[in-house]
Amino acid sequence: MGHPLLGPTGLDALAHGCVYVDPSYAPNTKGLKYPQYHSQHPYLRQYAINNTQFASYVCAAQLEDPASFVRCIQSAIKQTPDLKPHIPMDFRYENHRARVRNIFGSVLFPHDRI
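Within every chain, residues take consecutive numbers counted from 1 along the sequence as written. Side-chain atom pairs in this predicted model are given and counted only at pLDDT of 80 or more, local residue features only at pLDDT of at least 70, and totals for whole chains, interfaces and linings cover all residues. Only hydrogens and water are set aside when side-chain values are computed; all heavy atoms of the structure are taken into account.

**What to know about the pattern of salt bridges**
When the charged atoms of two side chains lie near each other, side chains of opposite charge can form a pair. The rule for a salt bridge is simple: a side-chain nitrogen of Lys or Arg has to be within 4 Å of a carboxyl oxygen of Asp or Glu. A full pass over the atoms with the stated rule returns two salt bridges. The shortest N-O distance in the salt bridge between D22 and R45 comes to 3.0 Å. Here R45 lies in helix α2 (residues 42–50) and D22 lies in strand β1 (residues 20–24), a separation of 23 residues in the sequence. Linking R71 and D65 is a salt bridge whose minimum nitrogen-to-oxygen distance equals 3.2 Å. Relative accessibility thresholds used throughout: buried, under 20% of the residue-type maximum; exposed, over 50%; partly exposed, between the two (1.4 Å probe, protein chains only). Exposure remark for R71: the relative accessible area of 47% places this residue in the partly exposed category. Only DSSP runs of H or I covering at least 4 residues are called helices, and only runs of E covering at least 2 are called strands; the numbering of each starts at the N terminus.

Right under this line is the structure:
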């Protein structure tokens, strides 16, 4: 809620074992700068859908429906004590380094075999 680049992110919430409330926008909402995005953190939304064991870490709330935020907050209060810290594989050190190697290759790692 608010500017997605300011403050802690949804990944920070997961890393600390908290529920991330993901604000969602109605499809084709006018005035959005980037209409292809339908939530503040589409990666985490899809991650929770694809990895059902982590579905309780992300709660989608519709901006047009204040009650959906209340439901997410109530759910978060109940679930957070049971959630364990989690970092998606894509954001762990080894995978991040592999992506950097793949993109920049020998420019950044001239002495390593790629």
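This is not the end of the story, as more comes after the structure.
**Notes on the environment of Y57**
Here Y57 is to be found in the loop between α2 and β2 (58–62). According to the relative accessible area criterion, Y57 is buried, its value standing at 5%. Linking Y57 and H86, residues 29 residues apart in sequence, is a C-alpha distance of 9.1 Å. Once you skip the residues sitting within four places of it in the chain, Y57 turns out to touch L14, G17, C18, V19, Y20, L83, K84 and H86. Separated by 2.5 Å, the side chain of Y57 and the backbone oxygen of K84 make a polar contact. A contact between two residues is defined here by any heavy atoms of the two lying within 4.5 Å. The definition of a polar contact used here is a pair of N or O atoms within 3.5 Å, where within protein one atom must be able to donate a hydrogen and the other to accept one, and adjacent residues in sequence count solely through side-chain atom pairs.

**Quick notes on the environment of P23**
Note that P23 resides in strand β1. You can call P23 buried: its relative accessible area is 1%. Taking the C-alpha atoms as reference points, P23 and F69, separated by 46 residues in sequence, lie 8.3 Å from one another.

**Quick word on the packing of aromatic side chains**
Aromatic contacts are taken between Phe, Tyr and Trp rings whose centres are within 6.5 Å, Trp giving its six-membered ring; a plane angle under 30 degrees counts as stacked, one over 60 as edge-to-face, and the others as tilted. Across all of its chains, the model carries four aromatic pairs by this definition. For the ring pair Y43 and Y47, a centre distance of 6.0 Å and an interplane angle of 20° mean the geometry is stacked. Of this pair, Y43 and Y47 both sit in helix α2, four residues apart, which is roughly one turn of that helix. Using a relative accessible area of 27% as the deciding quantity, one classes Y43 as partly exposed. Between the aromatic rings of Y47 and F54, the centroid separation amounts to 5.8 Å while the plane-to-plane angle is 20°, which identifies the pairing as stacked. The residues Y47 and F54 share a single accessibility class, namely buried. Each member of the aromatic cluster is reached from another via a ring pair, and the members are Y43, Y47, F54, Y57 and F91.

**Points about the nonpolar core**
Throughout, nonpolar core names a set of buried Ala, Val, Leu, Ile, Met, Phe, Trp, Tyr and Cys residues whose side chains join them through atoms within 4.5 Å. Counting residues in hydrophobic clusters, the biggest one holds 17 residues, and the most contacted among them are L14, Y20, Y57 and V58. Where this core is concerned, the elements lending two or more residues are α1 (10–15), β1, α2, β2 and α3 (66–79). Residues contacting Y20, with those up to four places away along its chain left out, are G10, A13, L14, Q40, H41, L44, Y57, V58 and C59.

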